[in-house]
Amino acid sequence: MSQPRTGTPGDVEEIHWPSLVAAISSISAVGIAIGLGLPLLSIILEKRGISSTLIGLNTAMAGISAMAAAPVTTKLAHKYGVAPTMLWAVLISALSALGFYYAEDFWMWFPLRFAFHGATTTLFILSEFWINAASPPSKRGFVLGIYATVLSIGFAAGPLLFSILGSDGIFPFLVGAGAILLAAIPIFIARDESPVLEEKPELHFMRYVLLVPTATAAVFIFGAVEAGGLSLFPIFAVRAHFTESQAALLLTMMGVGNVIFQIPLGLLSDRIRDKRPLLAGMALMGFIGSMTLPILVNNWLLMAGILLFWGGCVSGLYTVGLSHLGSRLTGSDLAAANAAFVFCYAMGTVAGPQVIGAAIDVAGNNGFAWAIAAFFGLYALLSGIRLMFVRKRT
C-alpha cells in the first residue's frame with residue numbers, strides 16, 4: 001500500500017498532524033449529528049406510539065446498512081480515492097438526515113436509516129484508516145485516544161443539543177444535517193494528504209473478522225451497547241420519571257466519561273504488550289455499572305456519576321480494541337481489518353437494539369439494564385476463558 005505523503009500504516013515514525021486533524025475533525029462533526037439523531041429519532045417514534053421492539057428494529061437498520069457498506073468501502077476508495085469517497089458519503093448522510101423530518105410514514109424511515117448509516121460507516125472506516133496512516137506504532141494508542149476523545153466530545157454534544165433543541169419542528173434536523181456538511185470542509189482542505197490505496201489485502205474480507213477475535217468481539221459488544229443504549233436509554237429514563245431534558249443530560253454525562261478516559265486508556269494500551277486483560281477488565285466494569293442502573297433510578301446525581309465512569313469503560317472497548325488490531329496488523333491488511341472491525345461493530349448495532357428493545361417489552365423497564373449487563377458479562381466471561389487457554393499454551 002503506497003502512502004507517498006502520509007506513509008504506509010505502521011511505517012511512519014512521527015505523527016502526521018495535518019492528516020490527523022483532517023480525519024478527526026471531519027468524523028467528529030458526524031459524531032455530533034449521530035449523537036443528536038439517535039435520541040431525537042427514538043423520542044419522535046415513542047411519541048407516535050411505536051413500540052420499543054419496532055424502534056429497536058428501525059435502529060437495527062443502521063447495523064444492516066453498515067454491514068453492507070463495510071466490505072465495499074475499501075473498494076470504492078481504491079477506485080475513486082479516499083477523499084472523494086468521503087465527500088460523497090458526507091453529502092448522502094446529510095441529505096438522508098434531513099429526510100427524516102419529511103418522512104411521514106414509519107416504513108420510510110427504514111431506507112433513510114440505510115442510506116444515513118451506510119454513508120457514515122464509509123466515513124468511519126476511511127477516517128480511521130487515515131488516522132492509522134498518520135500514526136507511528138509506538139504512539140497508536142495515544143493517537144486513537146485523541147481520536148476517541150474528540151469523537152466523544154461530538155457524541156456528547158449531540159445529546160446536549162437535543163436537550164436544548166427538543167424534538168419539535170425541523171430545526172433539530174437542520175442542525176444535524178448542517179453538522180454533517182461541516183465535515184466536508186477539512187476533508188476537502190486536506191484531500192491531497194489522504195492515504196492512497198494501491199495493493200489489495202491478502203485475505204478474504206470475512207477472514208479478517210476472525211483474525212483478531214478479541215478485538216472484533218470487543219467492538220461487537222461496544223456496538224450493541226452503544227446503539228441500543230443511546231437509542232433506548234431516553235425511553236428507559238423517561239419511564240423512570242426523568243424528563244426529556246434530564247434523560248439527554250444523563251447521556252451527555254456518559255459522553256463526558258468517554259472524553260475523560262480515552263487518552264489515558266490509549267496511553268495505557270501503548271505500555272501494555274497484551275491488551276486483552278485490559279479489554280476484559282473494562283467489560284467487567286461495564287457489567288457492574290449496568291447492574292447498578294435500576295438501583296439508582298430515584299437519584300439523578302448518583303446515576304450521572306455511574307454513567308460518567310461507565311461511559312469511559314464502554315467507549316474504551318472501541319479504542320483499545322482498535323489499538324489491539326493495529327498492534328497485530330500493518331499495511332493493506334490493517335486497512336481491510338479495520339473494515340472488518342467496523343463490520344463487527346455494525347453486527348453489534350443490529351443485535352443491541354433488538355435485544356435491549358425486546359428485553360424492555362418482556363421484562364419491563366429494568367430489562368434495559370439487564371440486557372446491557374448480559375452483553376458485557378458474556379464478553380468478560382469469554383475473554384477471560386480465552387486468556388486462560390492462551391496462557392496455558394505459552
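Residues numbered from 1 in each chain as written. Predicted model: local features only at pLDDT ≥ 70, side-chain atom pairs only at ≥ 80, totals over all residues. Heavy atoms only, no water.

Regarding the overall build of the protein chain
Now for step 1: A count of helices and strands for the protein chain gives 14 helices and zero strands.
Now for step 2: Going from N to C terminus, the protein chain has its helices and strands arranged as α-α-α-α-α-α-α-α-α-α-α-α-α-α.
Now for step 3: Over its C-alpha atoms the protein chain spans a radius of gyration of 20 Å, differing by no more than 12% from the 21 Å that the globule rule assigns to 394 residues.
Now for step 4: For the protein chain, the spread of C-alpha atoms along the three principal axes comes to 55 × 50 × 35 Å.
Now for step 5: For the protein chain, the residues scored as buried account for 59% of the 394 residues in total.
Now for step 6: Considering only residue pairs separated by 6 or more positions, the protein chain has 85% of its internal contacts joining residues 24 or more positions apart. (Helix = DSSP H or I, 4+ residues; strand = E, 2+ residues; numbered from the N terminus. Rg over C-alpha atoms; globule rule 2.2 N^0.38 Å. Buried < 20%, exposed > 50% of the residue type's maximum accessible area, 1.4 Å probe, protein only. Contact = heavy atoms within 4.5 Å.)

Some points on the environment of Lys-47
Now for step 1: Mapped onto the secondary structure, Lys-47 falls in helix 1 (residues 17–47).
Now for step 2: Along the sequence, Lys-47 and Ile-164 sit 117 residues apart, while their C-alpha atoms lie 18 Å from each other.
Now for step 3: Residues contacting Lys-47, with those up to four places away along its chain left out, are Ser-167, Asp-168 and Glu-244.

Observations regarding the nonpolar core
Now for step 1: Counting residues in each nonpolar core, the largest one holds 113 residues, and the members touching the most others are Tyr-147, Phe-233, Met-303, Leu-317, Phe-368 and Phe-376.
Now for step 2: For this core, the element with the most residues is helix 1, which contributes 16 residues.
Now for step 3: The residues that make up this core include at least three from each of domain 1 (14–196) and domain 2 (203–393).
Now for step 4: Non-local contacts of Phe-233, meaning those with residues more than four positions away in its chain, are made with Gly-228, Ala-247, Leu-250, Leu-251, Met-303, Leu-307 and Phe-368. (Core = buried A, V, L, I, M, F, W, Y, C linked by side-chain atoms within 4.5 Å. Domains from an automatic or database assignment.)

Overview of the pattern of salt bridges
Now for step 1: Throughout the structure, instances matching the rule amount to one salt bridge.
Now for step 2: A salt bridge links Asp-168 to Lys-47; its shortest N-O distance comes to 3.8 Å. Of this pair, Asp-168 sits in the loop between helix 5 (140–165) and helix 6 (171–182) while Lys-47 is found in helix 1, placing the two residues 121 residues apart along the sequence. (Salt bridge = Lys/Arg side-chain N within 4 Å of Asp/Glu carboxyl O.)

Description of unusual backbone geometry
Now for step 1: Positive phi outside glycine occurs at His-241, with the angle close to 75 degrees.
Now for step 2: Topologically, His-241 is positioned in the loop between helix 9 (213–239) and helix 10 (244–271).

With respect to helix 11 (residues 276–292)
Now for step 1: The end-to-end C-alpha distance of helix 11 is 25 Å, a good match for the 24 Å that 17 residues give at a rise of 1.5 Å each.
Now for step 2: When we look at burial in helix 11, the residues that qualify are Arg-276, Leu-278, Leu-279, Ala-280, Met-282, Ala-283, Gly-286, Gly-289 and Ser-290. (Expected span 1.5 Å × (residues − 1).)

Things to note about helix 1
Now for step 1: End to end, helix 1 covers 45 Å across 31 residues, agreeing with the expected 45 Å (1.5 Å per residue, within 8%).
Now for step 2: Extensive coverage of helix 1 is indicated by the burial of 24 of its 31 residues.
Now for step 3: Backbone geometry just after helix 1 places Gly-49 at a positive phi near 85 degrees.

Quick look at the domain arrangement of the protein chain
Now for step 1: The domains assigned to the protein chain are domain 1 (14–196) and domain 2 (203–393).
Now for step 2: For domain 1 versus domain 2, the separation of C-alpha centres amounts to 19 Å.
Now for step 3: When domain 1 packs against domain 2, close to 3800 Å² is buried across both sides, 70% of that on carbon and sulfur atoms.
Now for step 4: Taken together, the connections running from domain 1 to domain 2 amount to zero salt bridges.
Now for step 5: Our enumeration of links across domain 1 and domain 2 arrives at three residue pairs in polar contact (both at pLDDT 80 or more).
Now for step 6: For the side of domain 1 that touches domain 2, the element with the highest residue contribution is helix 5, accounting for 17 residues.
Now for step 7: When the residues that make up the side of domain 1 that touches domain 2 are grouped by side-chain class, the tally is 26 nonpolar, 16 polar and five charged. (Buried area = accessible area lost by both parts, 1.4 Å probe. Polar contact = N/O pair within 3.5 Å; in protein donor to acceptor, adjacent residues only side chain to side chain. Nonpolar A, V, L, I, M, F, W, Y, C, P; charged D, E, K, R; others polar.)

Some remarks on the packing of aromatic side chains
Now for step 1: Using the criterion set out here, one finds 13 aromatic pairs in the structure.
Now for step 2: Both rings, one in Tyr-101 and one in Phe-173, keep their centres 5.6 Å apart while their planes meet at 55 degrees; by these two values the pair is tilted. Of the two residues, Tyr-101 sits in helix 3 (residues 82–102) while Phe-173 sits in helix 6, which places them 72 residues apart along the sequence.
Now for step 3: Residue placement shows Arg-191 over the ring face of Phe-188; its charged tip is 4.0 Å from the ring centre. (Phe/Tyr/Trp six-rings, centres within 6.5 Å; stacked < 30°, edge-to-face > 60°. Lys NZ or Arg CZ within 6 Å of the ring centre and 35° of its normal.)

Looking at the environment of Phe-242
Now for step 1: Within the fold, Phe-242 resides in the loop between helix 9 and helix 10.
Now for step 2: Between the C-alpha atoms of Phe-242 and Arg-48, which are 194 residues apart in sequence, the distance is 19 Å.
Now for step 3: Setting aside anything within four residues of it in sequence, one finds Phe-242 in contact with Ala-237, Leu-250, Val-297, Trp-300 and Met-303.

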